[in-house]
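# Working through the structure, step by step
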Amino acid sequence: MSRDLLHGGALDAMRVAFPGAREPWIDLSTGINPWPYPGAIVSREAFAHLPTRTAGDACRAAMAAAIGAPEKSLLLTPGSEIAIRLLPDVIRPQRIAILSPTYSDHAAAWRRAGAETIETEDPLGMARSVNAVVVTHPNNPDGRLFDVEALEAVRRDLAERDGWLIVDEAYADLMPEQSLAPKGGAEGLIILRSFGKFFGLAGVRLGAVMAPPSVLRALTGRLGTWPVSGPALEIGTQAYLDTAWQRQMRKTLSSATARLNHILASKGMKPIGGTDLYRYVEVANAYSVFEQLAKAGIYVRRFEWSQAHLRFGLPETTEAENRLKAALTP
């Protein structure tokens, strides 16, 4: 099995691996909202000219207001993935504890940088013995949440030793009350945000880092003068200002998640975790189920580290839900 198929979103590779699969494919392999933000209008100037500081400031202000972050603490990035890869060159901790299981690129980035990387179910419990702690909150793939006050206590402890708490909030738009964004800029705290997942516009490539000024300056120097495209800035500004759409979408996603839970449970696959953009399921033979679904043209997320778990994104339509039901029938 190609490693391309272990990450999600590689629909082109799936078509090669399963050439006889039913078309059109249903891609449930990513935790991306299948109902993307519909209201953005992009100007001709955004495509024809370099991004302006004014456009960047407008997007940053809109994002900060929407997530409750201090505006000065926030740096826009072309997605959060690049920040994950740049951080090891900016703060350089020698020993780092990372929540496991979680988004695998975190550990990969720190290992490439030569840091001693400890993957653990209890990263907060290791805070006193490391230079940095990384958590995804809510976690991907199991949706695990941490007590916000516990995170703050670890942040204070690490900051006293010039250490860092790094919080990946890629899915925090689903549950704003769990976000540390209001503490953005605090010593020892780095927060990563992603635009594309909740707003369903992953191809826009927009994200942010919240951190103290020294980290923001270092990242700015590495990202260059125009890190975010003009169209991305305009789309992001409009989407973050549309708080009514955000509130309604949270309700829509909650309802869709309840329907998906029912489908999975009716087929003996009761979810054991996840968020309102994906469900985390324990199964007896994950690869067999993955292959069964792939032959039916349904692409779900499997994991290199487990033969007992799969992750299902939300089906976009009633037809897609019905196809999933049929494909899960033995």
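Residues numbered from 1 in each chain as written. Predicted model: local features only at pLDDT ≥ 70, side-chain atom pairs only at ≥ 80, totals over all residues. Heavy atoms only, no water.

### Things to note about the pattern of salt bridges
Note the following rule: Within this document, salt bridges are pairs made up of a side-chain nitrogen of Lys or Arg and a carboxyl oxygen of Asp or Glu, the two lying within 4 Å of each other. The classification of residues rests on relative accessible area computed with a 1.4 Å probe and restricted to protein chains. Under 20% of the type maximum is buried, over 50% is exposed, and intermediate values are partly exposed. Helix and strand definitions follow DSSP, with helices as H or I runs of at least four residues and strands as E runs of at least two, each counted in order from the N terminus.
By the definition in use, this model includes 14 salt bridges. A salt bridge links Arg92 to Asp89; the nearest nitrogen and oxygen atoms lie 2.8 Å apart. With a relative accessible area of 57%, Arg92 lands in the exposed category. Between Glu169 and Arg193 there is a salt bridge, and its shortest N-O distance comes to 2.8 Å. Taken together, the residues Glu169 in strand E6 (residues 164-169) and Arg193 in strand E7 (residues 189-194) connect sequence positions 24 residues apart. Each of Glu81, Arg85 and Asp105 takes part in a single network of salt bridges with overlapping partners.

### Things to note about empty space enclosed by the protein
This is how it is decided: Think of a 1 Å grid over just the protein atoms. A cavity is a set of points where a 1.4 Å probe fits yet cannot get out, a pocket is an open set with protein on both sides within 12 Å along at least five of seven lines, and lining residues have an atom within 4 Å of a point. Grid points are joined across faces, edges and corners, and a volume is the space filled by probe spheres set on the points. Only Asp, Glu, Lys and Arg are considered charged, only Ala, Val, Leu, Ile, Met, Phe, Trp, Tyr, Cys and Pro nonpolar, and every remaining residue, Gly among them, polar.
One pass over the structure, following the stated rule, counts two cavities of 30 Å³ or more. Counted as a void, the largest cavity has a volume near 40 Å³. Ala66, Ile67, Asp173, Pro176, Ser179, Arg193 and Arg250 are the residues that line the largest cavity. In the lining of the largest cavity, the residues fall into three nonpolar, one polar and three charged. Size it by volume and the second largest cavity reaches roughly 30 Å³. Considering the residues around the second largest cavity, the lining is formed by Ile84, Leu87, His106, Trp110, Val134, Ile166 and Leu192. Mapped onto the lining of the second largest cavity, the elements with two or more residues apiece are helix H4 (81-90) and helix H5 (105-112). In the lining of the second largest cavity, the residues fall into six nonpolar, one polar and no charged.

### Observations regarding H5
So the rule is basically this: Residue contacts are defined here by distance: any two heavy atoms, one from each residue, within 4.5 Å place the two residues in contact.
Restricting attention to buried positions, one finds in H5 the residues Asp105, His106, Ala107, Ala109 and Trp110. Elements that come into contact with the buried residues of H5 comprise H4, strand E3 (95-99), strand E4 (116-120), strand E5 (132-136), E6 and E7.

### Describing the sheet that holds E7
Stated precisely, the cut-off is as follows: One requirement defines pairing of two strands: DSSP has to find at least two bridges between them. With axes taken as lines fitted to C-alpha atoms, and helix axes fitted only over the stretch in contact, angles between N-to-C directions fall between 0 and 180 degrees.
An order of E2-E8-E7-E6-E5-E3-E4 is seen for the seven strands of this open sheet, with the pairing classed as mixed. The strands lining the two open edges of the sheet, one partner per strand, are strand E2 (74-77) and E4. Neighbour-to-neighbour, the strand axes of this sheet turn through a mean angle of 20°, independent of strand direction. Two strands pair when backbone bridges link them, and E3 and E4 are joined in this way by five bridges, in the parallel orientation. Within E4, the residue paired with Ile98 across the bridge is Glu119. Against the sheet, H4 touches E2, E6, E7 and strand E8 (207-210), its axis set at about 155° to E7. Its contacts with the sheet put H5 on E3, E4, E5, E6 and E7, and the angle it makes with E4 is roughly 160°.

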